[in-house]
Amino acid sequence: EVISIYGYSEGGAALVTCIAILNSSESDKELKSLGIRSKDKKKILKAIQKGYVILDTPLKSIEELEAHYGARKDLEVIGARYKKNRMNPMDSIEKWKGLSLKVFLHFQMPDEVLSNRDDLKFIEKIKKYNKGPTEVLIGEDVGHKLPHLSFWEYYLEKIAA
């Protein structure tokens, strides 16, 4: 009945895209092959909207990584795959339209792995396309590596309570 989901780094990107897939019809053929039909998608989304979507220092886009690291073959390959499969998190957020999710978004400043270039843009997009509340925490304790103590302290105080 209630599903809270957590995604860290690239897992956060996958989570954003997964919600987008469930809230659109673009991948219905693939979902049907897995036994997930329209009524199942609605049921899953309803449960997610009752819980929390927790994004812990999520990957926001391959373009942000390319700007941070420069041209690299691995990023080019991953970027092409993301584009082909419509998996760019920054673009996927637009498919959240109509949902009322409780989003808890955490970034670290600085994020030495993903960078912080698109943090604000990501926050603004989520707030634009999600009808539910979006809580944002900017931590400054350990960068991208785990554990993010500021995140978990905030979570226990504000969310879990």
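First, a word on what this report is: a plain description of the structure on this page.

About the cut-offs
- Residues numbered from 1 in each chain as written.
- Predicted model: local features only at pLDDT ≥ 70, side-chain atom pairs only at ≥ 80, totals over all residues.
- Heavy atoms only, no water.
- Pairing = 2+ DSSP bridges.
- Helix = DSSP H or I, 4+ residues; strand = E, 2+ residues; numbered from the N terminus.
- Axes fitted to C-alpha atoms, helices over the stretch in contact; angles between N-to-C directions.
- Contact = heavy atoms within 4.5 Å.
- Phe/Tyr/Trp six-rings, centres within 6.5 Å; stacked < 30°, edge-to-face > 60°.
- Buried < 20%, exposed > 50% of the residue type's maximum accessible area, 1.4 Å probe, protein only.
- Lys NZ or Arg CZ within 6 Å of the ring centre and 35° of its normal.
- Salt bridge = Lys/Arg side-chain N within 4 Å of Asp/Glu carboxyl O.
- Parallel < 35°, antiparallel > 145°, perpendicular 65-115°, else oblique.
- Left-handed = near helix turned anticlockwise from the far one by under 90°.
- Nonpolar A, V, L, I, M, F, W, Y, C, P; charged D, E, K, R; others polar.

Turning our attention to the sheet that holds strand 3 (residues 102-108). Here four strands make up an open sheet; going across it, the order is 1-2-3-4 and the pairing parallel. Here the strands that pair on one side only, and so sit at the sheet edges, are strand 1 (5-8) and strand 4 (134-139). The mean inter-strand angle of the sheet, taken between neighbouring strand axes irrespective of direction, is 10°. Summarising the sheet, strand 3 and strand 4 pair through six bridges and their orientation is parallel. Considered in strand 4, the bridge of His106 is made with Leu137. Helix-sheet contacts for helix 7 (residues 119-129) involve strand 2 (52-56), strand 3 and strand 4, and the interaxial angle to strand 3 is about 175°.

This brings us to the packing of aromatic side chains. One pair of aromatic rings is described through two measures. These are the centre distance and the angle between the planes. Tallying each qualifying case throughout the model produces eight aromatic pairs. Taking 5.2 Å as the distance between ring centres and 25° as the angle between the ring planes, the aromatic pair formed by Phe104 and Tyr154 counts as stacked. Here the residue Phe104 occupies a position in strand 3, and Tyr154 occupies one in helix 8 (residues 149-160), the gap between them amounting to 50 residues. You can call Phe104 buried: its relative accessible area is 0%. Put simply, the rings of Tyr6, Phe104, Phe151, Trp152, Tyr154 and Tyr155 pair up and form one aromatic cluster. In this arrangement the basic side chain of Arg72 is found over the ring face of Tyr69, its NZ or CZ atom lying 4.9 Å from the centre.

Moving on, we come to the pattern of salt bridges. Taken as a whole and assessed by the stated rule, the structure comprises ten salt bridges. Measuring nitrogen to oxygen at the nearest pair gives 3.6 Å for the salt bridge that ties Glu26 to Lys95. Separated by 69 residues along the polypeptide, Glu26 in the loop between helix 1 (10-22) and helix 2 (28-33) and Lys95 in the loop between helix 6 (89-92) and strand 3 bring together distant segments of the chain. By relative accessible area, which is 41% here, Glu26 ends up partly exposed.

Before going further, it helps to examine the packing of helix 4 (residues 62-69) against helix 5 (residues 73-84). Relative to each other, helix 4 and helix 5 sit at 165°, their axes nearing to 10 Å. Classed by the angle they form, the pair helix 4 and helix 5 counts as roughly antiparallel. Helix 4 and helix 5 meet at a crossing whose hand is left-handed. Of helix 5, the residues touching helix 4 (which contributes Ile62, Leu65, Glu66 and Tyr69) are Leu75, Glu76, Ile78, Gly79 and Tyr82. Split by residue class, the contact of helix 4 with helix 5 holds six nonpolar, one polar and two charged.

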